[in-house]
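Coordinate inspection notes
Residues per chain are reported as follows:
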Amino acid sequence: MTLQFESFPNEIFIHGIFPYLSFIDLHYAFILLNQRFKTLILTFCAQSDHDLHLNRHISHPQLGFTIDSILPFLQTNQQLKSIELAYEDLSLRFLNNISQINTNHLTKLFIRPYIDIKFDSMIQILTDCVQLQEIKLNLMTNLDRTWANGRKLARWFEIMIQTNRQQTLTTIDICVWCINNNDAINFDSKVWNHEGVFRNMRNWKVQIKPDRELTNQHGRRAVEYSRTDEAYMTLLNNKSDSSCQVS
């Protein structure tokens, strides 16, 4: 008599198979099979705490499934702690759907591909992720040139210092790929050094690519600080360049 996989008793899955699979692998492999396996997995996952760390080695189909079918439905004992995105389309999908995901425990966000996203949208996302400790982003100026505007970036950094965000957010590493030669403006040597490091915050950095000096360049104006320049406080409240890849 041929023994079918589904004929195994529940105890075999609960005690003999599920404990050897990661939270993500468990859901990806079993939860869509049928109602029996869905119930088993939900019961098993409710018995202990789970910290989710999504790294760049997760395959495209598995990461897409995780973003769509797992992250929006996390329970209180299931906490997303870190995510490193290696696919452009899934990076944008994650950011577009992040309002549906509990990011209260997210400490690390790395985006490896160069993506286009509005400055204000990303700042709001980072503001909402209150436990973030490390941010590493690769961005382009095709959609929003603000990413290459030293004045606005400095203003954002200044506001985070005013709100003591530097106490938790220890690393900011942003790499901006300028689509046009004149995208990078308003970088001042008193605020940014030639490597893009911000003042005395040695681990807060904005790199501009293709390689160009951040100081004393034609067309760059002195950085100005003005609370009326833009209403940044409302945000708080409410390409293949290997030297610039997230490591």
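Residues numbered from 1 in each chain as written. Predicted model: local features only at pLDDT ≥ 70, side-chain atom pairs only at ≥ 80, totals over all residues. Heavy atoms only, no water.

Notes on the overall build of the chain
Put simply, the rule is: Counting from the N terminus, the helices are the DSSP runs of H or I reaching at least four residues and the strands are the DSSP runs of E reaching at least two. Burial classification: accessible surface area is computed with a 1.4 Å probe over protein chains only, and a residue below 20% of its type maximum counts as buried, one above 50% as exposed, and the rest as partly exposed. In these tables, accessible area is a Shrake-Rupley quantity obtained with a 1.4 Å probe, and a residue counts as shielded only by the protein chains included in the view.
On a plain count of helices and strands, the chain comes out with eight helices and seven strands. Per-residue burial for the chain yields a buried fraction of 48% across its 247 residues. When the accessible surface of the chain is totalled, it reaches about 13000 Å², and 47% of it is carbon and sulfur.

With respect to the pattern of salt bridges
Here is the rule: Only one rule defines a salt bridge in this text: a Lys or Arg side-chain nitrogen within 4 Å of an Asp or Glu carboxyl oxygen.
Across all of its chains, the model carries six salt bridges by this definition. A salt bridge links Lys81 to Asp51; its shortest N-O distance comes to 3.5 Å. With Lys81 in strand β2 (residues 78-85) and Asp51 in strand β1 (residues 50-54), this pair connects stretches of sequence that are 30 residues apart. A salt bridge links Arg56 to Glu84; its shortest N-O distance comes to 3.8 Å. Linking Arg56 in the loop between β1 and α4 (60-69) with Glu84 in strand β2, this pair joins segments that are 28 residues apart in sequence. For Glu84, a relative accessible area of 12% gives the class buried.

Brief notes about the pairing of strand β7 (residues 201-209)
Selection rule: Strands are labelled as partners when DSSP assigns at least two bridges between them.
Direction of pairing for strand β5 (residues 171-177) relative to β7: parallel, over a ladder of six bridges. Residue pairing across strands places Val176 opposite Ile208, the latter belonging to β7. Two elements, strand β6 (residues 197-198) and β7, share two bridges in a ladder whose sense is antiparallel. Pairing of Val197 across the sheet is with Lys205, part of β7. Once β6 ends, the chain turns through two residues before running back antiparallel as β7, passing Arg199 with a positive phi of about 40 degrees.

A closer look at the environment of Met140
Relative to the elements of secondary structure, Met140 occurs in strand β4 (residues 134-140). Relative accessible area serves as the criterion here: at 9%, Met140 is assigned to the buried category. Distance from Met140 to Ile117, taken between C-alpha atoms, is 7.9 Å for residues 23 residues apart in sequence.

Side note on helix α7 (residues 150-162)
Cut-off, in case you're wondering: Working rule for helices: expected span equals 1.5 Å times residues minus one. Under this definition, polar contacts are N or O atom pairs within 3.5 Å; protein pairs additionally need one hydrogen-donor-capable and one acceptor-capable atom, and for neighbouring residues in sequence, both atoms have to be side-chain atoms.
In this model, α7 (13 residues) spans 18 Å end to end at C-alpha, consistent with the 18 Å of a helix rising 1.5 Å per residue. Extensive coverage of α7 is indicated by the burial of 10 of its 13 residues. Where α7 begins, the capping side chain belongs to Asn149, and its oxygen is found 3.0 Å from the backbone nitrogen of Arg151.

Details of the pairing of β4
Cut-off, in case you're wondering: Look down the strands so they point away from you; if going from the first strand over the helix to the second traces a clockwise path, that crossover is right-handed.
Across the seven residues that make up β4, a large majority, six, are buried. One ladder, built from five bridges, connects strand β3 (residues 108-115) with β4; its direction is parallel. Opposite Ile111, over in β4, you have Leu137 as the bridge partner. Bridge count for β4 against β5 is seven bridges, and the pairing is parallel. Its bridge partner being in β5, Lys136 is matched across the sheet by Asp173. Taken together, β4, α7 and β5 constitute a β-α-β crossover, and its handedness is right-handed.

Quick word on the side chain of Thr141
Put simply, the rule is: It only takes one pair of heavy atoms within 4.5 Å for two residues to be counted as in contact.
Examined against the element boundaries, Thr141 turns out to sit in the loop between β4 and α7. A relative accessible area of 3% means that Thr141 is categorised as buried. Non-local contacts of Thr141, meaning those with residues more than four positions away in its chain, are made with Asp116, Ala148, Val176, Trp177, Cys178, Ile179 and Asp183.

Concerning the packing of aromatic side chains
Condition: Two aromatic rings from Phe, Tyr or Trp, using only the six-membered ring of Trp, form a pair when their centres are within 6.5 Å; if the ring planes differ by under 30 degrees the pair is stacked, by over 60 it is edge-to-face, and anything between is tilted. Our definition puts a charge over a ring when NZ of Lys or CZ of Arg is within 6 Å of the ring centre and also within 35 degrees of the ring normal.
Inspection of the entire model under this criterion finds 11 aromatic pairs. Of the aromatic side chains, those joined through ring pairs into one cluster are Phe119, Trp147, Trp156, Phe157, Phe187, Trp192, Phe198 and Trp204. In this arrangement the basic side chain of Arg36 is found over the ring face of Phe37, its NZ or CZ atom lying 5.4 Å from the centre. Its guanidinium or amino end placed over the ring of Phe110, Lys108 lies 5.0 Å from that ring's centre, counting from NZ or CZ.

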